[in-house]
Amino acid sequence: MEIEEAGKIAEEIMRQNSHKTTKKTLRDLESDEFFQKDVSGLRKKWDSIIKKANIHFAEAQETIVKFTFNKITLPKIEKVEDADPVFADLANRMKNLTQKEQKQIAVHYEKYLLTLANRDLTNDIIEICKKHRLSPIDIWLPQIRTYAVLGQLNPPDFFLTAGLSGYLSKDEIIHAPQDLNFIPKIETNSATGEKKLVVEFLPNTTLKQDFGKHWKIIDKIQKLLRIEKGIKRFHPVKNQEIAEKVAELDKQKTETYFDPLSKKPIETKMTDIDKALKVYDDVPFGKKEELKAGNRIKQIRHQQKKRSKPPF
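Draft legend 1. Here's a closer look at the nonpolar core. Counting 42 residues, the largest nonpolar core has Trp140 and Ile144 as the members making the most contacts within it. Broken down by element, this core gets its largest block of residues, eight residues, from helix H8 (residues 137-150). Among the nonpolar cores identified, the runner-up in size contains 12 residues, and Ile242, Val246, Val279 and Tyr280 belong to it.

Draft legend 2. Broad picture of the packing of aromatic side chains. For the structure on display, the rule yields six aromatic pairs. Pairing Phe35 with Tyr147 gives two aromatic rings, centres 6.1 Å apart and planes at 10 degrees, and the pair type is stacked. Of this pair, Phe35 sits in helix H3 (residues 33-45) while Tyr147 is found in helix H8, placing the two residues 112 residues apart along the sequence. Tyr147 shares its class with Phe35; the two are buried. Between Phe57 and Tyr112, the ring centres sit 5.2 Å apart and the planes meet at 55 degrees, which makes this aromatic pair tilted. With Phe57 in helix H4 (residues 47-68) and Tyr112 in helix H6 (residues 99-116), this residue pair connects regions lying 55 residues apart in the sequence. When its relative accessible area of 14% is taken as the criterion, Phe57 is described as buried. The rings of Phe182, Phe201, Phe211 and Trp215 are connected pair by pair, giving a single aromatic cluster. Residue placement shows Arg43 over the ring face of Tyr147; its charged tip is 5.1 Å from the ring centre.

Draft legend 3. Structural detail: the pairing of strand S2 (residues 195-201). Sheet analysis places strand S1 (residues 182-188) next to S2, joined by seven bridges and oriented antiparallel. Of the residues in S2, the one forming a bridge with Phe182 is Phe201.

Draft legend 4. A look at unusual backbone geometry. With an omega of -5 degrees, the peptide bond running from Ser135 to Pro136 counts as cis. As for its position among the elements, Pro136 is in the loop between helix H7 (119-131) and H8. Although it is not a glycine, Arg133 adopts a positive phi angle of roughly 55 degrees. Tracing the backbone shows Arg133 in the loop between H7 and H8. In this model, Asn181 sits at a positive phi of 65 degrees, which is unusual for a non-glycine residue. Among the structural elements, Asn181 can be located in the loop between helix H9 (170-174) and S1.

Draft legend 5. Fine view of the pattern of salt bridges. Counted by the stated rule, this structure contains 12 salt bridges. Between Glu172 and Lys220 there is a salt bridge, and its shortest N-O distance comes to 2.5 Å. One end of the pair, Glu172, is in helix H9; the other, Lys220, is in helix H11 (residues 215-229), with 48 residues separating them in the sequence. On the basis of relative accessibility, which here comes to 33%, the residue Glu172 falls in the partly exposed class. A relative accessible area of 34% means that Lys220 is categorised as partly exposed. Here Lys251 ties to Glu248 by a salt bridge, and the two come within 3.4 Å at their closest N and O atoms. With Lys251 and Glu248 both in helix H12 (residues 240-252) and three residues apart, the pair spans about one turn of that helix.

Draft legend 6. Region of the structure containing the confidence of the model for the protein. Scored by pLDDT, the protein has a mean of 82; 86% of the residues are at 70 or more. No element of the protein has a lower mean pLDDT than helix H5 (residues 80-95), which averages 67, and none a higher one than H3, which averages 97.

Draft legend 7. Spotlight on the side chain of Asn181. Look at Asn181 and you get buried, because its relative accessible area is 3%. Sequence-distant contacts of Asn181, that is, excluding residues within four places in its chain, are made with His19, Thr21, Leu160, Leu202, Asn204, Thr205 and Asp210.

Here is what the cut-offs are and how they apply
- Here the residue numbering is sequential within each chain, running from 1 through the sequence in written order.
- Where local features are concerned, this predicted model is filtered to residues with pLDDT of at least 70; where side-chain atom pairs are given and counted, the filter is 80 or more; whole-chain, interface and lining totals use all residues.
- Side-chain measures here rest on the full set of heavy atoms in the structure, leaving out hydrogens and waters.
- Here, nonpolar core means buried Ala, Val, Leu, Ile, Met, Phe, Trp, Tyr and Cys residues that are tied together by side-chain atoms lying within 4.5 Å of each other.
- Each residue is placed in one exposure class: buried if its accessible area under a 1.4 Å probe, protein chains only, is under 20% of its type's maximum, exposed if it is over 50%, and partly exposed if it falls in between.
- Runs of E in the DSSP output that reach at least two residues are strands. Runs of H or I that reach at least four are helices, and both are numbered from the N terminus.
- In this scheme Phe, Tyr and Trp rings, the latter by its six-membered ring, pair at centre separations within 6.5 Å, and the angle between planes marks the pair as stacked below 30 degrees, edge-to-face above 60, and tilted otherwise.
- For a lysine, the NZ atom is tested; for an arginine, the CZ atom; a charge sits over a ring if that atom is within 6 Å of the ring centre and within 35 degrees of the ring normal.
- Paired strands, in this sense, are two strands between which DSSP finds at least two bridges.
- Counted as salt bridges are all cases of a side-chain nitrogen of Lys or Arg within 4 Å of a carboxyl oxygen of Asp or Glu.
- Confidence scores here are pLDDT values: one per residue, from the predictor, ranging 0 to 100.
- By the convention used here, residues are in contact when the closest approach between their heavy atoms is within 4.5 Å.

This is the structure:
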């Protein structure tokens, strides 16, 4: 399998599970004569850099083949589906490479990236993204650069969860759903140092079809951040209104009533049963039922003390 052929197959595989709007954008770019003219002009202007980058990329690919498939015969690939097991096998073989072999591959890739790390070239690609309304530019820029250099127009949604590094494993990031159509990331507040989850909506993100569909990713990061910060998830507090009334009655401690016999006001200590009779309108008449209601007041008070206790 030639490197160019492998690149085209990889491009098709990456597009298979992309969001429908991304697929449409890629097809539109491929058939847009004005976009193609701009990319052609970019290639001519930066011909020497692109040729040099291609050399380093080819060296990296050849080194990978040498360390993985060099001693075996690759199966013939006639359609994209045939490539899936080959690329899966390649991924497994890459994991088992020695550190020395991985370093050799990394050296070639580093030369490839450094060759393209030209500020003026990058500025030209940014202008193309602006002209053709490719937003956000930061996720489209690498794809347009790859297209200009290697002829591969890959979907930008392949690593939309890269900003969750440290909270998702490398495998989880790579194998995250491609059709997210929004960008979740962890940012750190420069003033407080506190980490927060930020979600960047793309121009065509929808709450129901995109955000709701992949809520599990957001939920997982929220849980991890809560654990990290020692924050408990909010739940509506049961009996909160009653607890507030009990707290007010606890401050009162005593109550005064008028004794018709002595015709004097008498002050007595307010019991939990007295408080229950004031709080609840449905306490059945009878000593047993009144005692139960008083015990409910004790339970609510105990629950409030547990909630208000500091976590440390």
